[in-house]
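Residue-level structure breakdown
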Amino acid sequence: MAGSGRRPEHRGPPELFYDEAEARKYTQNSRVVEIQSQMSERAVELLGLPEDRPCLLLDVGCGSGLSGDYISEEGHYWIGMDISPAMLDVAVEREVEGDLLLADVGHGIPFRPGTFDGCISISAVQWLCNADKKSHSPPKRLYRFFSTLYTALARGSRAVLQLYPENSEQLELITAQAMRAGFTGGMVVDYPNSAKAKKFFLCLFVGTSGTLPKGLGTECASEELHQAKFTSERTRFRNVKGKSVKKSRDWILEKKERRRRQGKDVRADTKYTGRKRRPHF
């Protein structure tokens, strides 16, 4: 159920589509990486997490860990689930900071009640609408996913699932099964008047009826088109939010410190840490 930074244009099970070659090509595509990062940033923003403590998040359809990278940068911990072994192999090679689980979320979320402070999913949930096997029933698989996800989330938390519905019937099916499982909430649509920048985020509440966030670019059509273009072309500078610029020395030191707290082996810090190498000819 590998997440994707693009609208799926293929049929068939994701574990078969994302073979080793496709998984590497996908992860090395700079445009896909940028779009995935932008959607992950938006999904985490919609979670409304507390700013005073790190949280444990579930990443459904984590793929090669691109969305998990953003979660780690924000100082949170995460566990990723995906049905594609090839995608998870790439995530291991990339040394992502989250824990990884090979699983079909259509069989349910196998964690204890109240384990997670929130859940995100990027471009994955629509896969559950496909009947890839004779035994697959999309409504049943969706209900199994949502009902066990509801249990695995802490009371008062949220799940934000970005998806690419093929049609309105698919959107209604997904939303209906989520509500049947006990969630409240609804669909947040960013840039609804833009064919290129339009994004669907299913924002779900656990145990409380929160106020549904407002979609981006919904003020007026002219402003929406300007924002959509800006969003698709912008470069993220993390120091604007008071955080270290990606790949800088401070960013590397912060990442190494997070890994030490997780009990992982990390090279000692030296004066050469984060220093760019001179090009060799």
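A few points on the structure. It should be emphasised that the depicted structure is a prediction, and the values quoted were computed from it without experimental measurement.

**Quick look at unusual backbone geometry**
A positive phi angle, near 55 degrees, is found at E95, a position not held by glycine. Assignment of secondary structure puts E95 in the loop between α5 (85-93) and β3 (99-102). Although it is not a glycine, S123 adopts a positive phi angle of roughly 55 degrees. Note that S123 resides in the loop between β4 (116-122) and α6 (138-152).

**A few points about the environment of H136**
For H136, the location among the structural elements is in the loop between β4 and α6. Sequence spacing of H136 and G106 is 30 residues, and the spatial spacing of their C-alpha atoms is 9.0 Å. Apart from residues no more than four positions distant in its own chain, H136 is found in contact with N130, A131 and R141.

**Side note on the packing of α6 against helix α7 (residues 168-180)**
Packing of α6 against α7 brings their axes to within 8 Å, and their N-to-C directions diverge by 45 degrees. The orientation of α6 with respect to α7, classified from their angle, is oblique. With respect to the hand of their crossing, α6 and α7 are arranged in right-handed fashion. Facing α6, whose interface residues are P138, P139, L142, Y143 and F146, α7 presents L173, I174, Q177, A178 and R180.

**Focus on the packing of aromatic side chains**
A complete count under the given rule lists four aromatic pairs for this structure. Measuring from centroid to centroid gives 5.0 Å for F111 and F116, while their planes differ by 85 degrees, and the two rings are edge-to-face. Of the residues examined, F111 reaches a relative accessible area of 23% and is grouped as partly exposed. Accessibility expressed as a relative area gives 0% for F116, which makes it buried. Aromatic side chains F146 and F183 sit 6.2 Å apart centroid to centroid with 75 degrees between the ring planes, which places their arrangement in the edge-to-face category. Linking F146 in helix α6 with F183 in the loop between α7 and β6 (184-190), this pair joins segments that are 37 residues apart in sequence. Like F146, the residue F183 is buried in the burial classification. An aromatic cluster is built from F145, F146, Y150 and F183, whose rings are joined through pairwise contacts.

**Concerning the pattern of salt bridges**
For the structure on display, the rule yields five salt bridges. Of the charged contacts in the structure, one is a salt bridge between D104 and R141, with a shortest N-O distance of 3.1 Å. Separated by 37 residues along the polypeptide, D104 in the loop between β3 and β4 and R141 in helix α6 bring together distant segments of the chain. Judged by relative accessible area, which is 9%, R141 ranks as buried. Members of the salt-bridge network, linked through shared partners, are R42, E45 and D190.

**Topic: the pairing of strand β5 (residues 153-163)**
Within a regular strand, the side chains alternate between the two sheet faces. Most of β5 is tucked away, with eight of its eleven residues classed as buried. As paired elements, β4 and β5 share six bridges and run parallel to each other. By the bridge assignment for β5, C119 is matched with A159. When β5 meets strand β7 (residues 199-205), the two strands line up antiparallel, connected through six bridges. Residue pairing across strands places A159 opposite L204, the latter belonging to β7.

**Focus on the environment of S64**
Mapped onto the fold, S64 is located in the loop between β1 (56-60) and α4 (66-73). Using a relative accessible area of 1% as the deciding quantity, one classes S64 as buried. Setting aside its immediate chain neighbours within four residues, S64 contacts Y26, T27, M87, V90, A91, R94 and V96.

**A closer look at the environment of A86**
Examined against the element boundaries, A86 turns out to sit in helix α5. For the pair A86 and A23, spaced 63 residues apart in sequence, the C-alpha separation works out to 6.2 Å.

Calculation rules
- Residues numbered from 1 in each chain as written.
- Predicted model: local features only at pLDDT ≥ 70, side-chain atom pairs only at ≥ 80, totals over all residues.
- Heavy atoms only, no water.
- Helix = DSSP H or I, 4+ residues; strand = E, 2+ residues; numbered from the N terminus.
- Contact = heavy atoms within 4.5 Å.
- Axes fitted to C-alpha atoms, helices over the stretch in contact; angles between N-to-C directions.
- Parallel < 35°, antiparallel > 145°, perpendicular 65-115°, else oblique.
- Left-handed = near helix turned anticlockwise from the far one by under 90°.
- Phe/Tyr/Trp six-rings, centres within 6.5 Å; stacked < 30°, edge-to-face > 60°.
- Buried < 20%, exposed > 50% of the residue type's maximum accessible area, 1.4 Å probe, protein only.
- Salt bridge = Lys/Arg side-chain N within 4 Å of Asp/Glu carboxyl O.
- Pairing = 2+ DSSP bridges.

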